[in-house]
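# Chains, contacts and geometry: an overview
As a plain string of letters, each chain reads:
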Amino acid sequence: MASNSVILSLPKSSLFRFPPNPNSGFIPPPPTGSTPFAPPIDIPDSIYHAVLDPRVPITIAAVYAVTAKALNAYNKSTGKRPWAISKTLAFRWFVIAHNVFLAVYSAWTWWGMLGTMRRSVASPLGPEGVSGFIDSMCQINGNAGLGNAAFFNEQTNSWQTYSPETVLDENGMPSRFTAGRIWNEGLAFYGWLFYLSKFYEVFDTLIILAKGKFSSTLQTYHHAGAMMCMWAGMRYMSVPIWIFVFFNSFIHAIMYTYYTVTAFNIRVPLFIKRTLTSMQITQFVVGASCAMVHSFISYSIPVITASQTDAPASAASALANGSVVAATAGVLDSVKGTYARQAMPCITSSGETFAIWLNVFYLAPLTYLFAKFFVESYLRRSNAGQSNPTRPSAGVAARRLSHNVQLAEKAGWEAARNVEREVYGQGNEEAVVTEETKKANGDAGSIGRVLRSRK
């Protein structure tokens, strides 16, 4: 199936290998001040590499999971009595500062990634069309322009390029000084810091535990899994990791702002809470779907083959390295348009593939849980509606359709709220959620079910 030079096909089986090829590694962001697109804060290369060692997220995730389990047992043994520290003024202000910090940091990350995407992503309405747009989204290293990226070739076990320009450094890795693609333009910097923020976010769990509540298994899974998924995406420079950084930072900026407001006992309109909850769950489903699609996309790029010896010197130098050179405007002028179009896969390395499918499998239980809650809520409401004599007649098609739509809407809201409660806990907003639950459900039976689920 092909449309506008975009091809959908099954990925090569060779990309699904474990462990992934370690040679498709990563490069740090440009040093501060070295280029116009360099990040505002310089990160020493040694530190950048050190925290992307797989032992770091594995160790922290394991310690976090064991600690959460142990503190759950402690809270159970004390009858869910809040810790003494949770009743102090210092703790309250720590919770507020924690939420403010994450709200501001997340907003800053989102703004930085917005600039990165604006500088890097080509318009599908531009001169390079849909292929140029897909190329700018799929290949995140190298020079801007269709076919000018640096990509890892699993068959040759090396980085290669179709560009006649300098794209690889003296070590054969993508240059950190080339402009125009997502990694160097900001993802290497903002993504790395966002990866570190996943370690700090475990304080969400500690706040809940300090209030004498339990941390659900799903919440522990969520935080530990986010650490591993962000690590994999950054370690292997996997394309879809920008989705996680960009959209998750946006959601978190709103979410922690909401938590900050509720920490001051300020009433927030119900529609804001509903919108936030829907956005939180939507990112699970849409994010996993978008990440997965990358493995099935290829697109066409113009190339000059090694047999065409009339290529200019810039192209010939790249040909000497055994690669095919992209047919950029200057090259095409020299060879009178004698070039071919070649299919370029969006994902070219086993490392990228590993990171993508780790994210997909990580999000699968969350998506399943939402579907499960939705079905249960919809069936419960549907059964309740059938036993209610005040409901509109089932023989009236228009009213039946309207009724079913309302049931689905309420079931979706309740499912999203239940998943959110399991994943994020309610340590920051219990009183507000209780009041919203009363409004959202509107009947004593539903309120009773919510209260029982908390025991």
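Basis of the calculations
- Residues numbered from 1 in each chain as written.
- Predicted model: local features only at pLDDT ≥ 70, side-chain atom pairs only at ≥ 80, totals over all residues.
- Heavy atoms only, no water.
- Helix = DSSP H or I, 4+ residues; strand = E, 2+ residues; numbered from the N terminus.
- Areas by Shrake-Rupley, 256 points an atom, 1.4 Å probe, with all protein chains shown as cover.
- pLDDT = per-residue confidence, 0-100.
- Contact = heavy atoms within 4.5 Å.
- Phe/Tyr/Trp six-rings, centres within 6.5 Å; stacked < 30°, edge-to-face > 60°.
- Buried < 20%, exposed > 50% of the residue type's maximum accessible area, 1.4 Å probe, protein only.
- Axes fitted to C-alpha atoms, helices over the stretch in contact; angles between N-to-C directions.
- Parallel < 35°, antiparallel > 145°, perpendicular 65-115°, else oblique.
- Left-handed = near helix turned anticlockwise from the far one by under 90°.
- Nonpolar A, V, L, I, M, F, W, Y, C, P; charged D, E, K, R; others polar.
- UniProt positions renumbered as here; feature names shortened; annotations may be inferred.
- Patch = residues over 30% accessible without salt bridge, like charges linked within 9 Å, V, L, I, M, F, W, Y side chains within 5 Å.
- Salt bridge = Lys/Arg side-chain N within 4 Å of Asp/Glu carboxyl O.
- Disulfide = S-S within 2.5 Å.

### Some details on the overall build of the chain
For the chain, the count of helices and strands is 15 helices and seven strands. A total of about 21,100 Å² of accessible surface is found on the chain, and carbon and sulfur atoms cover 65% of it.

### Comments concerning the confidence of the model for the chain
The share of residues in the chain with pLDDT of 70 or more is 76%, and the mean pLDDT across the chain is 80. Confidence drops under pLDDT 50 across residues 307-337; counting only partners more than four residues distant or on other chains, this segment forms 49 contacts.

### Comments concerning the packing of aromatic side chains
In the structure shown here, the tally under the stated rule is 31 aromatic pairs. Ring centres of Trp108 and Tyr190 lie 5.2 Å apart, and the angle between their planes is 65°; this geometry places the pair in the edge-to-face category. Highlighted residues: Trp108 in helix α3 (residues 89-120) and Tyr190 in helix α5 (residues 182-200), separated in sequence by 82 residues. Judged by its relative accessible area of 33%, Trp108 falls in the partly exposed class.

### Focus on the packing of α5 against helix α7 (residues 217-235)
In helix packing, the relevant descriptors are the interaxial angle and the interaxial distance, both defined with respect to the helix axes. Between α5 and α7, the least distance of the axes is 9 Å, while the angle of their chain directions is 155°. Comparing their axes, α7 and α5 come out roughly antiparallel. α5 and α7 meet at a crossing whose hand is left-handed. Each of Trp183, Leu187, Ala188, Gly191, Trp192, Phe194, Tyr195, Lys198 and Phe199 in α5 lies in contact with α7, whose residues at this interface are Ala226, Met227, Met230, Trp231 and Met234.

### Comments concerning the packing of helix α2 (residues 55-77) against α7
Running from amino to carboxyl end, α2 crosses α7 at an angle of 175°, the nearest separation of the two axes being 10 Å. Comparing their axes, α7 and α2 come out roughly antiparallel. Mapping the contact onto sequence places Pro57, Ile58, Ile60, Ala61, Tyr64, Ala65 and Ala68 in α2 and Gln219, Thr220, His223, Ala224, Met227, Met228 and Trp231 in α7. Grouping the amino acids of the contact of α2 with α7 by side-chain chemistry returns eleven nonpolar, three polar and no charged.

### Re the UniProt feature "transmembrane region" (unreviewed entry) in the chain
Within this numbering scheme, the UniProt entry marks residues 90-111, 241-261, 281-301 and 354-375 as carrying the feature "transmembrane region" (unreviewed entry). Annotation note: span residues 241-261, helix share 100%, strand share 0%, distance between end C-alpha atoms 30 Å. With 100% helix and 0% strand, the stretch residues 354-375 has end C-alpha atoms that lie 32 Å from each other.

### A short note on a nonpolar patch on the surface
Taken together, Leu89, Trp93, Phe264 and Ile266 make up a surface patch of nonpolar side chains, about 410 Å² in accessible area. Mapped onto the fold, Ile266 is located in the loop between α8 (241-263) and α9 (270-293). The partly exposed category is assigned to Ile266, whose relative accessible area is 43%.

### Structural notes on the side chain of Asn359
Within the secondary structure, Asn359 is located in helix α12 (residues 350-386). Exposure remark for Asn359: the relative accessible area of 12% places this residue in the buried category. For Asn359, the contacting residues outside a window of four places in its chain are Cys229 and Phe244.

### As for the state of the cysteines
Under the definition given, this model contains one disulfide. The partner cysteine of Cys138 in its disulfide is Cys346, sulfur to sulfur 2.0 Å. Taking the torsion about the S-S bond as the criterion, the Cys138 to Cys346 disulfide, at about -100°, is left-handed. Of this pair, Cys138 sits in helix α4 (residues 129-138) while Cys346 sits in the loop between β7 (340-345) and α12; the two residues are 208 residues apart in sequence, bridging distant segments of the chain. For Cys138, a relative accessible area of 4% puts it in the buried group. Given a relative accessible area of 0%, Cys346 falls into the buried group.

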